[in-house]
Amino acid sequence: MFSIEDHIFLIITTAEFIIGMFVNGYIGLVICVDWIKKKKISTIDYILTSFSLSRIGLLCIMTVNGTILAFYPGVYENEKIKVVLNIFWTFTNYLSMWFATCLNVFYLFKIANFSHRLFFWLKWRIERVVHWSLLGSLAISVLISLIQATLTNSDYDFLKTARHKRNVTELFHVSKIQYFDPLTLFNLLAIIPFTVSLISFFFLITSLWRHSKQMKSSVTGSRNSSTEAHVEAMKTVTSFLFFLFVYYLACLLATFSYLMKESRLAMMSGEIIAILYPLGHSLLLIVGNSKLRLTSVRMLRYGKTACMM
């Protein structure tokens, strides 16, 4: 029998999964329809399509993983299932992060203005840089997934031993001597895309500050539009940094929930919060992208008109 907490967890995660799939599927569908109509795809649309596909994969594996951890933890005793789930989670997780980072870097080079030669060289070759960055992100994600597959055994041994310890002092004694958890350290590689996005954010702030100083002498429409572009780009980067930070805090809560008195409730809370990352960030991207936003408004108007008829 499922408890009240179990039913709440199922309802919330199911709702998050459905909304997340709809939001990310909407991004991919709108861009693909526009691609078919125009018979060409822009760089930003190319990034967003890759991004939405990676988020759909991440949503699927996170929902499956959360359900197993909450209701069928014994499944992870099967070595093959454990390895497959870990590989898919790592692959979609890192792929999603790197694609989002590519989007942030694209906004930086497309909107910011700096006089440095290297910046100009990259700015004029941004399309080629983006294509190679996406391929590089795919290669890095595959490599990290394969490496993590070899670390799964030690991680599971650590967690299995931890659950049999009665107190925290004994647990940390065992973890330090016998079962150092390499996956915890390995997942710190997420700092790299986080740092790249953070650097992009600071460069955008610097570019906006310099642009604002130039506007004091003369105010034109183009400069106002440039300011708006800077602000929108900064909102996009900030939303990614915020959701990624919350996502990893939630993952840490779920991973180390066995240290808490209400371990199962802590694990469920961590899973629920973590799924907000591929859902919330994608939703804000729709709001910040004029094509996606206007298409959604037209769809809502059409749906409202159809309901009234």
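In this text, all values refer to a predicted model and were calculated from it rather than measured experimentally. (Residues numbered from 1 in each chain as written. Predicted model: local features only at pLDDT ≥ 70, side-chain atom pairs only at ≥ 80, totals over all residues. Heavy atoms only, no water.)

Caption draft 1: Structural view of the packing of helix 2 (residues 43–71) against helix 3 (residues 79–111). The geometry of helix 2 relative to helix 3 is characterised by a closest axis approach of 8 Å and an angle of 150° between their N-to-C directions. It follows from the interaxial angle that helix 2 and helix 3 lie roughly antiparallel. Judged by the sense of rotation from one axis to the other, the crossing of helix 2 with helix 3 is left-handed. (Axes fitted to C-alpha atoms, helices over the stretch in contact; angles between N-to-C directions. Helix = DSSP H or I, 4+ residues; strand = E, 2+ residues; numbered from the N terminus. Parallel < 35°, antiparallel > 145°, perpendicular 65-115°, else oblique. Left-handed = near helix turned anticlockwise from the far one by under 90°.)

Caption draft 2: Spotlight on the packing of aromatic side chains. Enumeration according to the criterion identifies 10 aromatic pairs in this entry. Between Phe114 and Phe203, the aromatic rings sit 5.6 Å apart at their centres with planes inclined by 80°, giving edge-to-face as the arrangement. Residue Phe114 is found in the loop between helix 3 and helix 4 (117–124), and its partner Phe203 is found in helix 9 (residues 191–215); the two are separated by 89 residues along the sequence. Under the relative-accessibility criterion, Phe114 is labelled buried at 12%. Note on Phe203: relative accessible area 39%, which makes it partly exposed. Here Phe201 and Phe202 contribute two aromatic rings whose centre-to-centre distance is 5.8 Å and whose plane-to-plane angle is 65°, an arrangement assigned as edge-to-face. On the basis of relative accessibility, which here comes to 47%, the residue Phe202 falls in the partly exposed class. Sitting over the face of the ring of Tyr277, Arg55 holds its NZ or CZ atom 4.4 Å from the ring centroid. (Phe/Tyr/Trp six-rings, centres within 6.5 Å; stacked < 30°, edge-to-face > 60°. Buried < 20%, exposed > 50% of the residue type's maximum accessible area, 1.4 Å probe, protein only. Lys NZ or Arg CZ within 6 Å of the ring centre and 35° of its normal.)

Caption draft 3: Region of the structure containing the UniProt feature "transmembrane region" (unreviewed entry) in the protein chain. Under the local residue numbering, the UniProt record ascribes the feature "transmembrane region" (unreviewed entry) to residues 17–36, 56–75, 87–109, 129–151, 185–209, 240–260 and 272–292. Spanning residues 56–75, this segment combines 80% helix with 0% strand, and its end C-alpha atoms are found 23 Å apart. (UniProt positions renumbered as here; feature names shortened; annotations may be inferred.)

Caption draft 4: Summary view of unusual backbone geometry. Positive phi, normally seen in glycine, also occurs at Lys39, with a value near 60°. Checked against the element boundaries, Lys39 lands in the loop between helix 1 (4–38) and helix 2.

Caption draft 5: Region of interest: the side chain of Asp45. On the secondary structure map, Asp45 appears in helix 2. A polar contact is formed between the side chain of Asp45 and the side chain of Ser42, at a distance of 3.2 Å. Contacts of Asp45, omitting those with residues within four sequence positions, involve Ile31, Asp34 and Lys291. (Polar contact = N/O pair within 3.5 Å; in protein donor to acceptor, adjacent residues only side chain to side chain. Contact = heavy atoms within 4.5 Å.)

Caption draft 6: Highlighting the nonpolar core. With 59 residues, the main nonpolar core has Leu48, Met62, Tyr247 and Tyr277 as its most contacted residues. For this core, the secondary structure elements donating two or more residues are helix 1, helix 2, helix 3, helix 5 (126–149), helix 9, helix 10 (221–255) and helix 11 (263–288). Per-element accounting of this core gives the leading share, 15 residues, to helix 3. Core analysis: the second largest hydrophobic core is formed by 7 residues, Phe9, Ala70, Phe71 and Met268 among them. (Core = buried A, V, L, I, M, F, W, Y, C linked by side-chain atoms within 4.5 Å.)

Caption draft 7: Spatial organisation of the side chain of Asn93. Assignment of secondary structure puts Asn93 in helix 3. Assessed through its relative accessible area of 0%, Asn93 is described here as buried. Within the structure, the side chain of Asn93 is placed 2.9 Å from the side chain of Tyr247, a separation counted as a polar contact. Not counting the four nearest positions on each side in its chain, Asn93 is found in contact with Leu58, Tyr247 and Tyr248.

Caption draft 8: Just the packing of helix 2 against helix 11, in detail. Between helix 2 and helix 11, the shortest axis-to-axis distance is 10 Å and the interhelical angle comes to 165°. The angle between helix 2 and helix 11 places the two elements in the roughly antiparallel class. Crossing of helix 2 against helix 11: the hand is left-handed. Here Leu48, Phe51, Arg55, Leu58, Leu59, Met62, Thr63, Asn65, Gly66, Leu69, Ala70 and Phe71 of helix 2 lie close against helix 11, whose contacting residues are Arg264, Met267, Met268, Glu271, Ala274, Ile275, Tyr277, Pro278, His281, Ser282 and Leu285.

Caption draft 9: How the structure looks around the environment of Phe71. In this fold, Phe71 is placed in helix 2. Of the residues examined, Phe71 reaches a relative accessible area of 13% and is grouped as buried. In this structure the C-alpha to C-alpha distance between Phe71 and Asp6, which are 65 residues apart in sequence, comes to 8.3 Å.

Caption draft 10: Here's a closer look at the environment of Ile144. Tracing the backbone shows Ile144 in helix 5. Once the C-alpha coordinates of Ile144 and Thr90 are considered, the two residues, 54 residues apart in sequence, prove to be 7.3 Å apart.

Caption draft 11: The environment of Asp6, seen in detail. Here Asp6 is to be found in helix 1. Apart from residues no more than four positions distant in its own chain, Asp6 is found in contact with Phe71, Arg264 and Met268.

Caption draft 12: Just a nonpolar patch on the surface, in detail. There is a patch of nonpolar side chains on the surface, built from Ile4, Ile8 and Ile12 and spanning about 270 Å² of accessible area. Position of Ile4 relative to the elements: it lies in helix 1. Residue classification places Ile4 among the exposed residues on the basis of a relative accessible area of 63%. (Patch = residues over 30% accessible without salt bridge, like charges linked within 9 Å, V, L, I, M, F, W, Y side chains within 5 Å. Areas by Shrake-Rupley, 256 points an atom, 1.4 Å probe, with all protein chains shown as cover. Salt bridge = Lys/Arg side-chain N within 4 Å of Asp/Glu carboxyl O.)

Caption draft 13: Examining the confidence of the model for the protein chain more closely. Overall, the predicted model of the protein chain reaches an average pLDDT of 81, with 82% of residues at or above 70. pLDDT under 50 marks residues 165–181. Its contacts with residues more than four places away, or in other chains, come to 18 contacts. (pLDDT = per-residue confidence, 0-100.)

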